[in-house]
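Take a look at the letters that make up each chain.
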Amino acid sequence: MILKLNNQEYFDTSKPIDISLSLHDGDDAVRAWYCDPIKLEPVITDRFIGDVNLGGAVNFRNLFMNPHANGTHTECVGHISKEFYSINQCLNEFHFKACVISVQPIEKKVNAETDLVITKSALEKACETFKNDVKNCEVLIIRSLPNTSEKLTKNYSNTNPTYFEKEAITYVNDLGVDHLMVDLPSIDREEDGGELIGHHVFWDYPANPQSHKTITELIFVPNSVKDNIYICNIQITSLENDASPSKILLFEIQS
């Protein structure tokens with residue numbers, strides 16, 4: 001299907017670019033926060049077998065997972081709030097104009113460790129190409145460099161992954177971004193004493209909670225996808241929880 005944006009631009013829904021990670025079991029599955037890979041187990045009782053290969057009529061499996069730790073997920077302010085917010089209630093639109101940028105983290109000494117951080121200046125440099133176009137985008141998609149296939153299978157637990165400086169998230173807010181997407185397990189440092197500064201700044205919590213805004217983590221943007229402006233589709237489950245596994249699709253804008 002061809003959908004027109006205006007008289008000059010359109011996008012083809014039959015040609016999506018999937019930047020979400022697949023959910024599967026096994027040690028090669030992406031995960032973080034010391035959680036195990038997902039588990040898929042057939043329901044077996046004395047009256048029922050939920051596995052065709054074991055003699056059952058259907059495959060009928062239980063799924064065990066944590067949306068924040070296993071694969072691509074989208075979260076709302078409920079992730080850090082005392083009040084209950086559900087991603088299913090907070091996310092009410094699903095198609096947006098998006099800007100993809102590639103950003104090189106820099107090294108910084110923190111508590112005798114060498115961290116990799118994404119700075120405001122790095123974001124400013126990456127956004128220069130798009131000038132005012134990025135301010136017309138509701139979604140900012142950040143591909144951290146280097147962008148290797150390791151991101152498809154990495155266990156991020158206890159690795160002190162790349163994260164964002166507070167000023168970088170303030171800059172994201174200044175751009176007017178409602179939906180921030182990253183190929184990292186978090187926008188904050190793995191061990192930060194529970195401060196989660198980036199999350200609090202992005203959602204302006206607790207001063208003025210921005211319940212319409214979301215953060216999507218653990219995406220993967222292939223190198224074949226150019227830094228550019230796209231149409232982005234966010235898909236979640238109808239789950240009354242602060243976060244949901246998500247599928248993120250990009251569509252190239254054609255002239």
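Relevant structure appears above.
Structural notes, computed from the coordinates. (Residues numbered from 1 in each chain as written. Predicted model: local features only at pLDDT ≥ 70, side-chain atom pairs only at ≥ 80, totals over all residues. Heavy atoms only, no water.)

### With respect to helix α2 (residues 120-127)
Since one α-helical turn is 3.6 residues long, residues separated by three or four positions face the same way.
Consideration 1: Within α2 the residues assigned to the buried category are Ala-122, Leu-123, Ala-126 and Cys-127. Taken end-on, α2 shows its buried residues confined to a sector of 130°, consistent with a single buried face.
Consideration 2: Lining the buried residues of α2 we find β7 (95-103), β9 (113-118), β10 (139-144) and α3 (166-174). (Buried < 20%, exposed > 50% of the residue type's maximum accessible area, 1.4 Å probe, protein only. Helix = DSSP H or I, 4+ residues; strand = E, 2+ residues; numbered from the N terminus. Arc of directions from axis to C-beta. Contact = heavy atoms within 4.5 Å.)

### Re the state of the cysteines
Consideration 1: Taken as a whole and judged by the stated rule, the model has 0 disulfides.
Consideration 2: Residue Cys-90 stays outside any disulfide, its sulfur separated by 4.0 Å from that of Cys-76, the closest cysteine.
Consideration 3: You can see Cys-127 has no disulfide; the closest cysteine sulfur is in Cys-99, sitting 5.7 Å from it. (Disulfide = S-S within 2.5 Å.)

### What to know about α3
Consideration 1: Every buried residue belonging to α3 is among Ala-168, Ile-169, Tyr-171 and Val-172, and all of these are buried. When α3 is viewed along its axis, its buried side chains cluster within an angular range of 155° and face the same direction.
Consideration 2: Buried residues along α3 sit in contact with β9, α2, β10, β11 (163-164), β12 (179-182) and α4 (197-203).
Consideration 3: Among the residues trailing α3, Gly-176 stands out with phi positive, at a value near 85°.

What is shown is where atoms sit, not what they do.
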